[in-house]
Amino acid sequence: MAAAAAGLSWRRVSSSTGPVPRSRHGHRAVAIRELVIIFGGGNEGIADELHVYNTATNQWFLPAVRGDIPPGCAAHGFVCDGTRILVFGGMVEYGRYSNDLYELQASRWLWKKVKPQAPSTGSPPCPRLGHSFSLYGNKCYLFGGLANESEDSNNNVPRYLNDFYELELQHASGVVGWSIPVTKGILPSPRESHTAIVYCRKDLGNPKMYIFGGMCGCRLNDLWELDIETMTWSRPETKGTVPLPRSLHTANVIGNKMYVFGGWVPQSAGGEISAHDGEWKCTGSFSYLNLDTTEWIGLISDCQEDKSNLLPGPRAGHCAVAVGTRLYIWSGRDGYRKAWNNQVCCKDLWYLDTEKPPAPSQVQLIRATTNSFQVKWDEVPTVEGYLLQLHADSPVPSVAGIPGTGVPETSVLSSQGPQTSANVGELHDLDKRTVNPDASVSSTVSSTRTMVTQQAVKTESSSTNGAVVKDETSLTTFNSKSEAAETAYITPSTRVNTGQTNDSHSSKTPQRQMAPVKTRDRRWYDVGIFKNNSAVVSQFYLLPEETLSISNKMESADVPDYRLLKKQDLFPGTVYRFRVAAINGCGVGPFSKVSEFKTCIPGFPGAPSTVKITKSVDCIHLSWEPPASPSGNILEYSAYLAIRSTQLQENPSQLVFMRIYCGLKTSCIVTAAQLSNAHVDYTSRPAIVFRISAKNERGYGPATQVRWLQDMKTSSSK
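Note that the coordinates shown come from a computational prediction; the quantities given were computed from them, not determined experimentally. (Residues numbered from 1 in each chain as written. Predicted model: local features only at pLDDT ≥ 70, side-chain atom pairs only at ≥ 80, totals over all residues. Heavy atoms only, no water.)

Another point: the overall build of the protein chain. When helices and strands are counted, the protein chain shows 6 helices and 52 strands. When each of the 718 residues of the protein chain is scored for burial, the buried share is 55%. Of the contacts made within the protein chain by residues no fewer than 6 positions apart, 65% connect residues no fewer than 24 positions apart. With an accessible surface of roughly 30600 Å², the protein chain has 50% of that area assigned to carbon and sulfur atoms. (Helix = DSSP H or I, 4+ residues; strand = E, 2+ residues; numbered from the N terminus. Buried < 20%, exposed > 50% of the residue type's maximum accessible area, 1.4 Å probe, protein only. Contact = heavy atoms within 4.5 Å. Areas by Shrake-Rupley, 256 points an atom, 1.4 Å probe, with all protein chains shown as cover.)

Have a look at this one:
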């Protein structure tokens with residue numbers, strides 16, 4: 001238990017902005033992408049407002065909801081299906097429970113009261129609280145809860161429930177109705193304030209619902225499984241130490257684990273747990289159930305001391321929600337050793353990264369100069385920073401002791417035909433080839449006269465290399481100054497648990513025609529640790545000979561103090577390879593695929609910028625701004641369109657480009673006939689790919705690539 005807990009790195013959120021909701025218990029939360037949406041709960045009255053926390057910006061806000069706004073409720077059902085949220089039941093005032101169903105369209109913050117059809121056999125669910133309400137596919141599953149047998153809300157006669165209902169949903173909005181499934185096996189005993197989650201193994205198709213714990217006169221810690229396909233209940237055998245009986249806890253699925261936190265547990269006396277637990281306490285214990293092996297693993301015990309306040313305190317009736325692989329916990333009742341009439345609600349928000357972050361997309365080039373790159377990569381949700389690394393085709397001088405400065409030799413880049421690397425960046429030097437505007441479309445690819453082949457970056461991004469798509473028909477360029485201003489370093493003294501890092505990408509990079517380089521000179525060098533997903537790179541850090549980069553250090557190593565290291569400037573006409581890894585509370589994740597960019601050669605023009613696309617009825621209008629560093633007079637611009645070809649069928653990652661414009665103007669028309677031959681790139685969202693480059697007396701400089709997003713209907717017709 002101690003070893004497992006030592007690997008945890010809980011973070012308490014501080015310095016959030018916006019209207020922080022008042023502390024409470026009995027509330028519920030769901031996540032839509034980076035947003036945590038909280039509704040209901042009580043603390044000196046039942047809350048009726050909807051609160052949203054943006055995990056990416058650390059900001060709370062109150063959306064302007066409209067429509068059939070539901071009354072406040074507590075201990076209700078709360079599920080999320082895409083961008084719609086369903087609320088069922090709960091306590092609306094003391095002793096009075098609800099069986100109303102509301103739908104919230106979060107894309108418009110529009111509430112609607114819905115009235116599902118009654119079951120064909122039996123009655124619809126009675127008013128209740130403390131039930132479970134779980135979503136799988138187009139159905140919600142309702143189990144158990146607590147009903148009031150008395151018609152007088154002031155005279156509460158509790159009845160624990162173990163009824164089971166299925167609610168069929170309509171697509172996008174609305175519901176069909178309730179049904180009472182015919183189940184096999186023994187039904188779980190009546191209970192309320194339990195948890196229910198749905199999990200489907202990747203290798204075994206049947207989805208399973210797991211119910212754990214709850215309250216039925218005494219706390220429970222039994223685990224029940226429902227095979228949703230066969231509607232069969234069973235009691236799975238588990239390994240490991242089962243958590244103490246509890247109610248008002250939370251359970252969340254991340255990966256193949258069900259994380260259980262907090263709740264009311266019996267107050268043991270001399271190690272004995274009474275069957276009728278008249279005394280109870282809140283717990284801060286934390287465990288998970290491996291849903292593939294049904295083994296319980298304890299992470300934080302009920303009796304673990306936390307004198308340094310590094311862990312969330314004991315609580316019950318809190319909310320917990322998974323955003324990616326990060327678990328958030330907010331508020332709840334701190335009832336540790338307190339009587340019912342003296343409760344205090346927690347005000348804190350915590351999160352825990354449960355595993356290292358995934359690899360980001362490949363590094364993308366926004367702009368290249370003779371001695372710098374402006375780069376970006378797709379954001380990875382719920383991370384604390386990014387480690388950016390590079391290495392050059394040219395050997396970098398070895399550094400012994402305190403690093404010195406050395407001038408690397410300029411690399412020799414082969415310009416024989418198209419690149420063979422599968423990891424070339426989307427913005428790339430076109431190798432200064434002069435494209436003949438009179439060549440026919442039927443020219444072979446190897447001639448590089450009309451068609452230019454380059455490898456495309458495979459990325460999840462909807463924006464690349466100088467343009468971010470705001471909708472299907474317009475592009476807005478990045479502003480290099482604002483992006484540079486937003487780039488921020490994490491303080492060098494920050495501790496990062498690095499862990500083992502996969503270095504396999506460096507061995508997969510292509511070999512170029514160049515002077516032999518010693519193995520030690522092929523090292524990856526740190527550019528730095530960045531808070532945001534963009535950077536202006538003009539230097540990298542040289543480490544002492546005996547020191548490896550952060551990615552190769554042992555667990556729990558300090559980040560290098562970059563202030564003590566020498567910097568190496570980038571050089572013109574040099575190819576640099578880039579990779580990036582995300583960092584969270586578990587350490588440094590795997591690195592992205594490798595991207596490759598070349599600094600400009602002095603005298604050649606820079607890449608065009610501020611690319612815009614305007615859609616007309618039968619064509620599109622493509623426009624751009626001249627390069628920021630023209631290096632002489634611009635003689636012409638060329639625009640290229642990625643087109644369909646047999647070569648693409650053989651190698652989908654190698655785009656084939658046809659020149660669609662050559663001239664002095666900074667705009668051109670792309671006709672419907674040209675677009676009909678366009679290749680739709682699916683490396684991220686469907687998009688048509690353009691490249692634009694400028695030529696001066698020396699030749700063509702690097703190209704700016706943009707992706708014009710297509711909706712599925714448009715892309716399927718291409």
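So, next bit.
We now examine the pairing of strand β7 (residues 77–81). Taken residue by residue, a regular strand's side chains alternate between the two faces of the sheet. Most of β7 sits out of view: 4 of its 5 residues are buried. Alignment of β7 against strand β8 (residues 84–93), held across 5 bridges, turns out to be antiparallel. Considered in β8, the bridge of Val79 is made with Leu86. Between β7 and β8, which pair antiparallel one after the other, the connecting turn spans 2 residues, and Gly82 there sits at a positive phi close to 70 degrees. (Pairing = 2+ DSSP bridges.)

As a rule of thumb, soluble globular proteins bury nonpolar side chains together. Counting residues in hydrophobic clusters, the biggest one holds 26 residues, and the most contacted among them are Phe373, Val375, Leu388, Val537 and Phe578. Breaking this core down by element, the ones donating at least two residues are β30 (364–368), β31 (373–376), β32 (385–392), β37 (525–530), β38 (534–537), β39 (539–542) and β41 (575–584). Setting aside residues up to four positions removed in sequence, Val537 forms contacts with Asn371, Ser372, Phe373, Val375, Leu388, Leu390, Val527, Leu570 and Phe578. Among the nonpolar cores identified, the runner-up in size contains 25 residues, and Leu622, Ile688, Ile692 and Val706 belong to it. (Core = buried A, V, L, I, M, F, W, Y, C linked by side-chain atoms within 4.5 Å.)

Right, let's get into the sheet that holds strand β19 (residues 250–254). Taken together, 4 strands build an open sheet; the order of strands is β19-β20-β23-β24 and the sheet is antiparallel. Two strands close off the open sheet at either side, each with one partner strand: β19 and β24 (295–300). Averaged over all pairs of adjacent strands, the angle between strand axes in this sheet comes to 25 degrees, irrespective of strand direction. Relative to strand β23 (residues 286–290), strand β20 (residues 257–261) runs antiparallel, the two being bridged by 5 bridges. Bridging across to β23, Lys257 finds its partner in Asn290. (Axes fitted to C-alpha atoms, helices over the stretch in contact; angles between N-to-C directions.)

Before going further, it helps to spend a moment on unusual backbone geometry. If you check the backbone angles, Asn58 has positive phi at about 55 degrees while not being a glycine. Looking at the element boundaries, Asn58 is found in the loop between β4 (50–54) and β5 (59–61). Classification of Asn58 as buried rests on a relative accessible area of 18%. At Ser193, a position not held by glycine, the phi torsion is positive, near 60 degrees. By the element assignment, Ser193 lies in the loop between β14 (175–179) and β15 (195–199).

Let us look at the pairing of strand β13 (residues 158–169). Examined bridge by bridge, strand β12 (residues 139–148) and β13 share 9 bridges and lie antiparallel to one another. Note on β13: the bridge partner recorded for Gly145 is Leu161. Taken together, the 4 bridges between β13 and β14 define a ladder with antiparallel strand orientation. Bridging from a neighbouring strand, Leu169 pairs with Val175 of β14. Once β13 ends, the chain turns through 5 residues before running back antiparallel as β14, passing Ala172 with a positive phi of about 75 degrees.

With 74% of its residues at a pLDDT of 70 or more, the protein chain has an overall mean of 79. Low pLDDT, under 50, characterises residues 1–6; the stretch is placed with 8 contacts to residues that sit more than four places away or in other chains. When the criterion is pLDDT under 50, residues 398–521 qualifies, and its contacts beyond four places in sequence or with other chains add up to 329 contacts. (pLDDT = per-residue confidence, 0-100.)

We now examine the sheet that holds strand β25 (residues 319–323). Taken in spatial order, the 4 strands of this open sheet run β1-β29-β26-β25, and their pairing is antiparallel. Only two strands of the sheet have a single partner each, and these edge strands are β1 (10–12) and β25. Between one strand axis and the next, the sheet turns by 25 degrees as a mean value, whatever way the strands run. Where β1 meets strand β29 (residues 349–353), 3 bridges bridge the pair, whose relative direction is antiparallel. Residue Arg11 lies in a different strand from β29, and its bridge partner there is Tyr351.

Moving on, we get to the pattern of salt bridges. Counting across every chain of the model gives 18 salt bridges. With a shortest N-O distance of 3.2 Å, Glu103 and Arg84 are connected by a salt bridge. With Glu103 in strand β9 (residues 96–105) and Arg84 in strand β8, this residue pair connects regions lying 19 residues apart in the sequence. On the accessibility criterion, Arg84 (3% relative accessible area) is buried. Among the charged side chains, a salt-bridge network with shared partners connects Arg22, Arg24 and Glu49. (Salt bridge = Lys/Arg side-chain N within 4 Å of Asp/Glu carboxyl O.)

Let's shift gears to the environment of Leu388. Its place among the elements puts Leu388 in strand β32. By relative accessible area, Leu388 is classed as buried at 0%. C-alpha of Leu388 to C-alpha of Ala535: the two residues are 147 residues apart in sequence and 8.8 Å apart in space.

Right, let's get into the packing of aromatic side chains. Inspection of every chain in the model, using the stated rule, returns 29 aromatic pairs. Look at Trp10 and Phe261: their rings are 6.0 Å apart centre to centre, the planes differ by 50 degrees, and that puts the pair in the tilted class. Within this pair, whereas Trp10 is found in strand β1, its partner Phe261 is found in strand β20, the two being separated by 251 residues in sequence. Given the relative accessible area of 7%, Trp10 is considered buried. Here Phe88 and Trp178 contribute two aromatic rings whose centre-to-centre distance is 5.3 Å and whose plane-to-plane angle is 65 degrees, an arrangement assigned as edge-to-face. Here Phe88 is found in strand β8, whereas its partner Trp178 is found in strand β14, with 90 residues between them in sequence. You'll find Phe88 and Trp178 in the same group, each marked buried. Site record: aromatic cluster; members linked through ring pairs are Trp10, Tyr259, Phe261, Phe286 and Tyr288. Cation over ring: Lys257 sits above Tyr288, and NZ or CZ is 5.4 Å from the ring centre. Taking NZ or CZ as reference, Arg326 lies 3.7 Å from the ring centre of Tyr351, over its face. (Phe/Tyr/Trp six-rings, centres within 6.5 Å; stacked < 30°, edge-to-face > 60°. Lys NZ or Arg CZ within 6 Å of the ring centre and 35° of its normal.)

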